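Fold and contact review
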Amino acid sequence: MNIDWGNLPFGYMPTDHNVRCYNRNGEWGELEITSDEYISLHMAATCLHYGQESFEGMKAYMGKDGKIRIFRWQDNARRMQRSAEGIKLAVVPEKLFHDAIVKAVQLNKRFIPPHGTGASLYIRPLLIGSGPEVGVKPSGEYLFMVFVTPVGPYFKEGFRPMNMMVCRDFDRAAPLGTGHIKVGGNYAASLLSMEKGHEKGFASVIYLDAKEKKYIDECGPANFFGIRGNTYITPASPTILPSITNLSLQDLAKELGMEVEKRPVPLEEIAEFDEVGACGTAAVISPIKKIVDPDTGITYEYCKDGNPGPVSVKLYNKLVDIQYGDEPDPFGWIEIID
Ligand SMILES: Cc1ncc(COP(=O)(O)O)c(C=O)c1O
């Protein structure tokens, strides 16, 4: 095996095994191990026609001590349960979720990037309606599976400030829709607007609330946060996916003696922020250098010296150090697995 750990993309690479479990007649079966990268799926499966699918994203990290760490898996398990309830999928019990991710990591140990490379093993739990239906109704069968793949940083710039564009002509989620859960349809709805942003040279787009187009919602597939003085500010909105990274950064900000505000954030307010960024599992923090609003012609600028702001750096380092086991974890976020 010849992997250039330091230059891994954030993409799919085959590994040795994945794990699967079917729910039939309302009962979860046994966890199965396979090396097949493909799923044999009925052509009328509800995931294909009616978007009955949910996924999660988390990571395993190799410590300096050679121990494998997984981060806040319970939060991912609960979020997947909320997603399942939201689109009528079978709910995956916490224990099954845990057994599946641990097994998938253990079976692919040789793909966990070594400590110090900045890379990690991405864990992708997936839950789909696999039973055939033609009418619009929930499936009678579900497949829960977990695969893993080694990944480098999400943005090729890494922890470097990037430019974003305000997006007013698309919404990723409706006010009473599914923005707060992690279901495939939200991502399909975001692809066109994100591609348009990329074509214009932006790393991602900032969505506003769908109702009033006044408040910041999300930054592509990541949460938004801002720093003003000693305060960490992040939008509250019913259409935002509750990011586990964001929750962790809020706890770390409090630990650093900062105030934390979670409330609607009007777009214009960001002119008063010292630092802004996007956060999520993939990149942890993506500092933002410039936010261009093509409709008003306003550009919000940060990181004038080209570097991430000091608070973002501090929060990033603290979180990453806990994830890789370089710092103790006073929050109980880490589970070490054999
Ligand atoms: C829409 C959206 N928002 C936010 C996040 C960040 O969430 P987390 O920090 O749990 O990865 C993600 C990624 O999962 C996402 O897809």
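Everything quoted here is computed from the prediction, not taken from an experiment.

Near the ligand you find G57, E218, P221, A222, N223, L241, S243, I244, T245, N246, G280 and T281, and these make up its full shell. At three residues, helix α5 (residues 244-255) tops the list of elements feeding residues into the shell around the ligand. Residues belonging to the shell around the ligand are distributed by class as follows: four nonpolar, seven polar and one charged.

When the terminal C-alpha atoms of α5 are compared, their 17 Å separation across 12 residues agrees well with the 16 Å that a helix rising 1.5 Å per residue should span. I244, T245, N246, S248, L249, Q250, L252 and A253 are the residues of α5 that are buried.

Okay, the nonpolar core next. With 86 residues, the main nonpolar core has I101, A104, V105, I123, M164 and I206 as its most contacted residues. Two domains each put at least three residues into this core: domain 1 (5-151) and domain 2 (162-323). Leaving out residues up to four positions away in the same chain, A104 has contacts with N18, V19, I123, V146, F147 and V148.

Most of strand β5 (residues 58-62) is tucked away: five of the five residues are buried. Burial along β5 is two-sided: M58, A60 and M62 and K59 and Y61, pointing in opposite directions, are all buried. Where β5 and strand β7 (residues 120-129) come together, three bridges link them in antiparallel fashion. Bridge pairing links K59 to Y122 in β7. In the sheet, β5 pairs with strand β6 (residues 68-71) via three bridges, with the strands oriented antiparallel.

Once that is clear, we can look at unusual backbone geometry. The backbone of N25 shows a phi angle near 50°, a positive value even though the residue is not glycine. Turning to its location among the elements, N25 is positioned in the loop between β1 (18-24) and β2 (27-28). Judged by the 7 C-beta atoms lying within 10 Å of it, N25 falls in the exposed class. A positive phi angle, near 60°, is found at K88, a position not held by glycine. Within the secondary structure, K88 sits in the loop between α2 (73-86) and α3 (94-106). When the 14 C-beta atoms within 10 Å are taken as the criterion, K88 is described as partly exposed.

A few words on the domain arrangement of the protein chain. Each domain of the protein chain was delimited in the assignment, giving domain 1 (5-151) and domain 2 (162-323). Here the C-alpha centroids of domain 1 and domain 2 sit 26 Å apart. Listed per partner, the contact involves 20 residues of domain 1 and 11 residues of domain 2. Of all the secondary-structure elements, those providing two or more residues to the side of domain 1 that touches domain 2 are β4 (53-55), β5, β6 and α2. Ranked by residue count, the leading element in the side of domain 1 that touches domain 2 is α2, at six residues. Grouping the constituent residues of the side of domain 1 that touches domain 2 by class yields six nonpolar, six polar and eight charged.

The next subject is helix α4 (residues 184-199). Given 3.6 residues to a turn, an α-helix orients residues that are three or four positions apart in the same direction. With 16 residues, α4 ought to run about 22 Å at 1.5 Å a step, and its terminal C-alpha atoms sit 23 Å apart, in line with that. Helix geometry: α4 is bent most strongly at L191, by close to 40°. Of the positions making up α4, those classed as buried are N186, S190, S193, M194 and G197. Elements in contact with the buried residues of α4: β9 (162-167) and β10 (204-208). Of the residues one or two after α4, G201 is the one with positive phi, at around 95°.

For D171, the position within the fold is in the loop between β9 and α4. For D171, a count of 21 C-beta atoms within 10 Å puts it in the buried group. Expressed as a C-alpha distance, the spacing of D171 and D217, which sit 46 residues apart in the sequence, is 9.6 Å. With near-sequence residues (within four places) excluded, D171 lies in contact with Y207 and A210.

As a packed pair, α2 and α3 sit with axes 10 Å apart at the nearest point and diverge in direction by 125°. What the angle tells us is that α2 and α3 run oblique. The chirality of how α2 crosses α3 is right-handed. In this structure, α2 contributes W73, Q74, A77 and M80 to the contact, and α3 contributes E94, F97, H98 and I101. Considered class by class, the residues forming the contact of α2 with α3 number five nonpolar, two polar and one charged.

Reading the values: rules and limits
- Residues numbered from 1 in each chain as written.
- Predicted model: local features only at pLDDT ≥ 70, side-chain atom pairs only at ≥ 80, totals over all residues.
- Near = placed C-beta within 6 Å.
- Helix = DSSP H or I, 4+ residues; strand = E, 2+ residues; numbered from the N terminus.
- Nonpolar A, V, L, I, M, F, W, Y, C, P; charged D, E, K, R; others polar.
- Expected span 1.5 Å × (residues − 1).
- Buried ≥ 20, exposed ≤ 12 C-beta atoms within 10 Å, placed from the backbone.
- Core = buried A, V, L, I, M, F, W, Y, C linked by C-beta atoms within 7 Å.
- Domains from an automatic or database assignment.
- Contact = placed C-beta atoms within 7 Å.
- Pairing = 2+ DSSP bridges.
- Bend = angle between axes of the 7 residues up to and from the residue.
- Axes fitted to C-alpha atoms, helices over the stretch in contact; angles between N-to-C directions.
- Parallel < 35°, antiparallel > 145°, perpendicular 65-115°, else oblique.
- Left-handed = near helix turned anticlockwise from the far one by under 90°.

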